[in-house]
Each structure stands twice: as structure tokens, then as C-alpha cells.
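Chain by chain, the residues run as shown.
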Amino acid sequence: MTGEGAPDGSGRTDRVAGALLAALGLAVGAESSTFDVAFLTDPVGPKALPYLTAAIFVGAGGFLLLRPGLPPVWPGRGVLTRMAGATAAFFLYGVVLAPLGFTVATTLAVGTLSMLFEGPVRKSFGAALGLSVALWYLFVWVLGLPLPLGALWTR
Amino acid sequence: MDALIHLVGGFAVALRPLNLALAFTGVFVGTFVGMLPGIGPINAIAILIPITFAAGIPPESALILLAGIYYGSQYGNSISTILLNVPGTASAVVTALDGNAMTRQGRGGPALAMAAIASFFGGTVSILGLALFAPLLAEWAIRFGPAEYFALMVFAFAALSSLAGGSLVRGLAATGFGLLLATVGLDPNSAIPRFTFGQIKLLDGMDFVVVTIGLFAVSEVLQLLEDTERGRSAMATYGRVMITMKEFTTSLGTMIRGSVLGFLVGVLPGAGGTIASFLAYSTEQRVSDREGTFGKGDIRGVAAPESANNAAANGAMIPLLTLGVPGSGTTAVLLGALLGLGVTPGPLLITEEPDLFWGLAASMYVGNVFLLLLNLPLVGVFVRALTLPRWFLLPGVAALSFVAVYAVNQSPFDLALMTGFGVVGWLMRKTGFPLAPVILGLVLGPLMEKSLRRAMALSGGEWGVLFDSPIALVLWALAAASLVLPPLLARRTRLPYAAAQAEGDT
């Protein structure tokens, strides 16, 4: 907790979360009602469990909407920006893994994360490269787990 | 004494060279991963499951490895709790009180030694309990029909929902989220797709490894970005890792009480290590704190929660193995691993797979011996790793998570899914929703739906069958009690509910 964030006013977060939960519950219920089967293989059918989750969401969401609890402390803008950067690194890793291959993609993603944790640039990427090569050796050669080589280089 | 004979047979399995090596590897790797700031047992296990699968070892050996990781990561967690005051799980919060006070007095070494010895004690007591009670429970559970199983799972969900985070509504919502994730994919009975939105990759459903790593590990990395300015942790001097005979004898009663209490609490669904260590600590405070030294570096304040915590971890294996119904997030992940290995835990496991069951029980003990004999001398190595900077350690955890998630299906799509669950997990942490019930719902949901459908098919659609037998009625009553009682009990025993809010391993 860096203390730069501020609590929201009067349980607004919980009210928003409650409304979203209840709405999700209604959507789940609506979607579940389309799970029709031509002939019933069992008396319960595929709708029962989804209906149950829909009911839990509507109930819990409604409760939070009416009786919100303690408000959370949200982080400040600087931390949120770093988090957005980390999320982007996580997501883009999945995108570039197949074309760039394991070692290059992992070096880029892990190096970026190290920088977000305030590591020095050169050391961050150096350590990331070392780690990627070590993991490649461990998984591909020792454990026999196939990792992508990189479609760009192996064409 | 039948059980003890079987246990000896189990040691024959556990002492095979491969299994011995795996138990050691598990304990060692688990200690290392569990020690990393904020990374608890559930992260360590989830990350290492796909790697275990990939290694292609037999089920009992894989389970021995995973169990070793489980215990090791708990001890690793104690190291960072005692030396750095950063408990990675809620169950270690109590250890921090006296453990870190001892470190500040320059007695970190004895605290670390006590943690290892108390864990060993808890392990010994609870393994004997496991060997004695698991077969009894299994014999009793053979009579369970689908209706009883359905009620039992409702009990597990109710208990974890009300105990995991301190807020029943949030716990229920988290359970509901897990059940919803469990329904994604082809319905096994009617083969119609549910919540797949035309995505072929979702037809197989959500893999629990992807969800667990996203919800726990990725969200933890995001969470830790909030306090990067600490960068490198200042390491305290901790002295010799040894306790005196006097410290041992004063703590002996504490350890015995802690172990028995922890074991009993661990068997119950929902409670787990967190409640066990809180309860053991507050009991011990009442029983033996005559000079008011608890909280100021009393070694018994380390012995109580550590013995209880480890005993609870083993106790939690009983419902997992004999009923096939886990009561916590961590054991839910272990159930997922078992099912992935083609092993269906249940009352027949002990008789049909004696090698697996008794081998695992014995290897738990072997793992505890490793913890004691190897971790004490090696503490210096682990502590050195703790002083590595965060910018190096945490991205390393992320890299392992990438490999683990990719290894599940060799699919980059799972990595995107993991990222999404990471963001959801972070939002849930921030807004006070517990994460463990999501995993329990996801792993147990399909089994619950299956037993409901089977019960109803047998009764021809008559809902009364769910409440027909005395066993089922008792289980329904337990479920109802676990929803109503914890808030009342918490008020009476002054169980620090707020502390349990810290996301734990339950």
C-alpha cells in the first residue's frame, strides 16, 4: 500500500460491484434458458447448475448493492500505469510467443516486468535473457516439453 | 494395527529411490518458491503441476512430488514470515507476531529452528491420525450415494464460503463464480455447449491450472507492483539455527496441543491452516501465557501456529483422499492434479490403490524428515536467495507461470485467458472477494452436478431424495450450521477475523 490512493466515497465500489454481479446473474440466467436439449437424458438437465449460479449472483449482488461494506483503497495513477504495463506484457506474451519463439518472447516479457519492478534496464534484460535460456534448456532438454522455436526464424 | 502394517508397506513405496528423490526435490523447490514474497503454497503447486505432468512420472510419484511442494512451500513461507515479516498466507500471520519479534531481538535462528521442529511435530501427529482415521472414514463413506455426495459438496462450499474471507456474501459470490466457470464447455450429459460463445477453444472447458495461476500468481505480481519501492529487503541477522533443550521442553506441550488441534481443524472443510493457527495461538495464549510474553518474542508463539498449520495441512488430505471432496483452495488444486493423473480419490482409493495412498502417507513423513534434516542446515542458502532483488525474483515467477500455463495445452490462447483471470483476481483482492472458493467451485462443480443428476435420475426426478437418508440430513445441517455459526463464534472467541481477510491458503 503506497498511501497515494484514496478510499472511494460511501461504498461506491461495492455498489458498482453489486450491480455488476446482479447484472451478470441476469445474463447468466438468460443464457442458461437457451440450453435446450432435444430429449432429456436426465431429469435435471443442463440448466440447473447455471440457474443456481445465476441465483447466487443476483442474491449476492443485490445484497452488496443495498448494504455495501468497507471501501477499498485504490492505488494511485503511477501504480495503475505500471499495472497496465504489466498486464500488457502478460497479454502480448501470448500474442508473440508463437511467431518470436520462447526465448525471445520470454526475454522481452520478463525484461519488461523487471523494469516495472524498478530494475535497471540493462540488468533487467540481461537477467531475462539468462532466465529464458535456462528455462529453455530445463524444459526442452531435461523434461522434454516442447516450447515454440519461433515461426519467424524457422520458416 | 492394520493401518500401521499398511503404513510400513507405504514406506517401502516412499523409500524407492525415485520417490525419495522426488520428495526431496519437492520439499526443496517448495521451500524456495514458498519463500518468495507473497507466493504461497497454492501458487507453488499450481505452477509446478503442469511441469509434473510433463515429466511423465507415475501417479503416486507425481503426488509425492506435489505433496513435498505443499509442505516445503509452507516452511518457506515461515522463513520469510519470521525473518522479513511478510507472511505469504493468512495462516502465517500469527507466526509473524512472535517469530518476527524474535528476529528483531536477534533470535531469528531459534525461531526458524522452532518452526521446523514444530512443523515436524505437527506432521508426525497428523500422519498417525491420517493412517488411523482415513480408513475408518473411507469405510463409512462407502455407504454414500449420489445424494449424500451432493450434500457433502454443498457443505464444503458453504464452509469455505463463510470462512475464506470473513464475508459470507463475498464468499458465496466467489463460489458462484467458480461454479459458473465449471459449467463452461460441453455439458457431459447432453453434449450441448454452455457459455462457449462459439469459441472452439472453450468447448473443453476452463483448465483449473490456467485459472489458478491467473487468479493467484498473476494477480499477486500485479498486487506487488504497489510496493516496489522496498526493492531489496534488508536482511536481519538471525544467529545460529538451533534451539536449546530448555526451549524444546517448554514448547513440548504447546506442540502437542497445537498438533492435535490443527489436525482436527484441518479435517473440517473450509477451516484449514488459517483457522488452525489462529485457534492454536489463542488457545496457547490462554493456557500457558502466564508472564504475558506472547507477542513479544515467546518461542511458544512460534511453536503453536507452526505445529497446528502443518497438522492441518495433513488433516486436510483425509477428506480429499477418502471422500474426494477437498475443503480448501490448495487441496482443490491437488484434486485437480489427481484427476489429471487419472486417479479418482474416494472411499475405494485406499483398497484399490494402496500403493498410492500409503505411499503418499509415508512420503509425507519422509518429506517432514527432509524438512527437518535438510532445511535447518540449508537455511543460509534460502536466506541468501531472499536478499535477491524483487525485480529479479518476481518476473522469474512470472516466467515459470508462462511455461506452466503454456504446458497445459500448448496453446497461446490459455496465456490470454491467464492474463484476464489475473486482472479479475486483482480486482477481487482489492474489493475483498476471496479467491480460494473460485478454485473449489471450478474443480468440484462438475462432480457436484454429476452427483445431483445421478441422484435425480435414480429417484426419477423426485427432489425429496436429496434429504432422504440420515447421513444426508446431517450433512445438510452441517452446511446450514457452517453458514450461521462462524460469525457468532468469531464474536465469542475474538478470532481475528480481519486478519483472516488477508488472502490465504484456505
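Everything numeric in this text was worked out from a predicted model, so none of it was measured. (Residues numbered from 1 in each chain as written. Chains lettered and ligands numbered in written order. Predicted model: local features only at pLDDT ≥ 70, side-chain atom pairs only at ≥ 80, totals over all residues. Heavy atoms only, no water.)

(A) Region of interest: the overall build of chain A. Helix and strand counts for chain A come out as six helices and zero strands. Put simply, chain A runs from its N terminus to its C terminus through helices and strands in the order α-α-α-α-α-α. In terms of overall size, chain A is more extended than a compact globule, its C-alpha atoms giving a radius of gyration of 23 Å where 155 residues would be expected to give roughly 15 Å. Over its C-alpha atoms, taken along the principal directions, chain A stretches across nearly 55 × 55 × 25 Å. Relative to its full complement of 155 residues, chain A shows a buried share of 40%. Summarising the internal contacts of chain A: among those between residues at least 6 apart in sequence, 64% fall at separations of at least 24. For chain A, the distance from the average site of its 9 positive side-chain charges to the average site of its 7 negative ones is 13 Å. (Helix = DSSP H or I, 4+ residues; strand = E, 2+ residues; numbered from the N terminus. Rg over C-alpha atoms; globule rule 2.2 N^0.38 Å. Buried < 20%, exposed > 50% of the residue type's maximum accessible area, 1.4 Å probe, protein only. Contact = heavy atoms within 4.5 Å. Lys, Arg positive; Asp, Glu negative; His and termini not counted. Charge placed at Lys NZ, Arg CZ, Asp CG, Glu CD.)

(B) Molecular detail of the interface of chain B and chain A. Contacts between the two partners involve 61 residues from chain B, matched on the other side by 64 residues from chain A. Carbon and sulfur atoms supply 81% of the area that chain B and chain A bury against each other, a total of about 5,400 Å² over both sides. Taken as a group, L225(B), W391(B) and F402(B) account for 13% of the area that chain B buries against chain A, more than any other trio of residues on that side. Summed over the shared surface of chain B and chain A, the number is one salt bridge. For the interface between chain B and chain A, the tally reads five residue pairs in polar contact (both at pLDDT 80 or more). Listing elements by their share of the side of chain B that touches chain A, those giving two or more residues are helix 3 (41–55), helix 8 (168–183), strand 2 (193–194), helix 9 (208–224), helix 17 (390–409), helix 18 (412–430) and helix 19 (436–459) of chain B. With twelve residues, the top contributor of residues to the side of chain B that touches chain A is helix 17 of chain B. Partitioned by chemical class, the residues of the side of chain B that touches chain A number 40 nonpolar, twelve polar and nine charged. (Buried area = accessible area lost by both parts, 1.4 Å probe. Salt bridge = Lys/Arg side-chain N within 4 Å of Asp/Glu carboxyl O. Polar contact = N/O pair within 3.5 Å; in protein donor to acceptor, adjacent residues only side chain to side chain. Nonpolar A, V, L, I, M, F, W, Y, C, P; charged D, E, K, R; others polar.)

(C) Broad picture of the pattern of salt bridges. Residues and elements named next belong to chain B. Following the criterion strictly, the structure yields ten salt bridges over all chains and no others. For the salt bridge of R16 with D355, the shortest nitrogen-to-oxygen distance reads 3.7 Å. Of this pair, R16 sits in the loop between helix 1 (2–14) and helix 2 (17–35) while D355 sits in helix 16 (residues 354–386), and the two are 339 residues apart along the sequence. Exposure remark for R16: the relative accessible area of 37% places this residue in the partly exposed category. E220 is the partner of R429 in a salt bridge, and the nearest nitrogen-oxygen pair spans 3.1 Å. With R429 in helix 18 and E220 in helix 9, the pair connects residues that are 209 residues apart, well separated along the chain. Across this residue pair, the class does not change: R429 and E220 are buried. Connected via shared salt-bridge partners are D187, R194, E449 and R453.

(D) Spotlight on the domain arrangement of chain A. Domain assignment breaks chain A into domain 1 (12–66) and domain 2 (77–154). Computed over C-alpha atoms, the centres of domain 1 of chain A and domain 2 of chain A are 38 Å apart. (Domains from an automatic or database assignment.)

(E) Representation of unusual backbone geometry within the structure. Residues and elements named next belong to chain B. One non-glycine residue, F195, adopts positive backbone phi at about 50°. When you line up the elements, F195 lands in the loop between strand 2 and helix 9. Residue class for F195 comes out buried when judged on its relative accessible area of 7%. Positive phi values are uncommon outside glycine, yet Q410 reaches one of about 50°. For Q410, the location among the structural elements is in the loop between helix 17 and helix 18. Residue class for Q410 comes out partly exposed when judged on its relative accessible area of 37%.

(F) Fine view of helix 2 (residues 48–66) of chain A. Residues and elements named next belong to chain A. The terminal C-alpha atoms of helix 2, which comprises 19 residues, lie 27 Å apart, in line with the 27 Å expected from a rise of 1.5 Å per residue. L49, P50, T53, A54, F57, A60, G61 and L64 are the residues of helix 2 that are buried. Taken down its axis, helix 2 places every buried residue within 145° of arc, on the same side. (Expected span 1.5 Å × (residues − 1). Arc of directions from axis to C-beta.)

(G) Highlighting a nonpolar patch on the surface. Residues and elements named next belong to chain B. Taken together, the side chains of L168, L172, L483, V484, L485 and L488 define a hydrophobic patch exposed on the protein surface, amounting to about 450 Å² of accessible area. Of all the elements in the fold, those that place two or more residues in the nonpolar patch are helix 8 and helix 20 (470–493). Sort the elements by how many residues they give to the nonpolar patch and helix 20 lands first, with four residues. With respect to the secondary-structure elements, L485 resides in helix 20. Overall, the relative accessible area of 42% leaves L485 in the partly exposed class. (Patch = residues over 30% accessible without salt bridge, like charges linked within 9 Å, V, L, I, M, F, W, Y side chains within 5 Å. Areas by Shrake-Rupley, 256 points an atom, 1.4 Å probe, with all protein chains shown as cover.)

(H) Spatial organisation of the packing of helix 4 (residues 102–116) of chain A against helix 5 (residues 121–142) of chain A. Residue and element names in this part refer to chain A. Where helix 4 contacts helix 5, the axes come no closer than 8 Å and their chain directions differ by 140°. Taken together, the axis directions place helix 4 and helix 5 in an arrangement best described as oblique. Here helix 4 and helix 5 pass one another in a crossing that is right-handed. In this structure, helix 4 uses F102, T103, T106, T107, L108, V110, G111, T112, S114 and M115 to contact helix 5, whose residues at the interface are V121, S124, F125, A128, L129, L131, S132, V133, L135 and W136. Looking at the contact of helix 4 with helix 5 residue by residue, the class counts come to twelve nonpolar, eight polar and no charged. (Axes fitted to C-alpha atoms, helices over the stretch in contact; angles between N-to-C directions. Parallel < 35°, antiparallel > 145°, perpendicular 65-115°, else oblique. Left-handed = near helix turned anticlockwise from the far one by under 90°.)

(I) Spatial organisation of the packing of aromatic side chains. All names here are of chain B. Counted under the stated rule, the structure contains 19 aromatic pairs over all chains. Each ring, one from Y70 and one from Y71, has its centre 5.7 Å from the other, and the planes form 15°; the classification is stacked. With respect to class, Y70 is no different from Y71; both count as buried. The rings of F24, F28, F370 and F382 are connected pair by pair, giving a single aromatic cluster. Stacked on the ring of F433, the Lys or Arg R170 has its end atom at 5.5 Å from the ring centre. (Phe/Tyr/Trp six-rings, centres within 6.5 Å; stacked < 30°, edge-to-face > 60°. Lys NZ or Arg CZ within 6 Å of the ring centre and 35° of its normal.)

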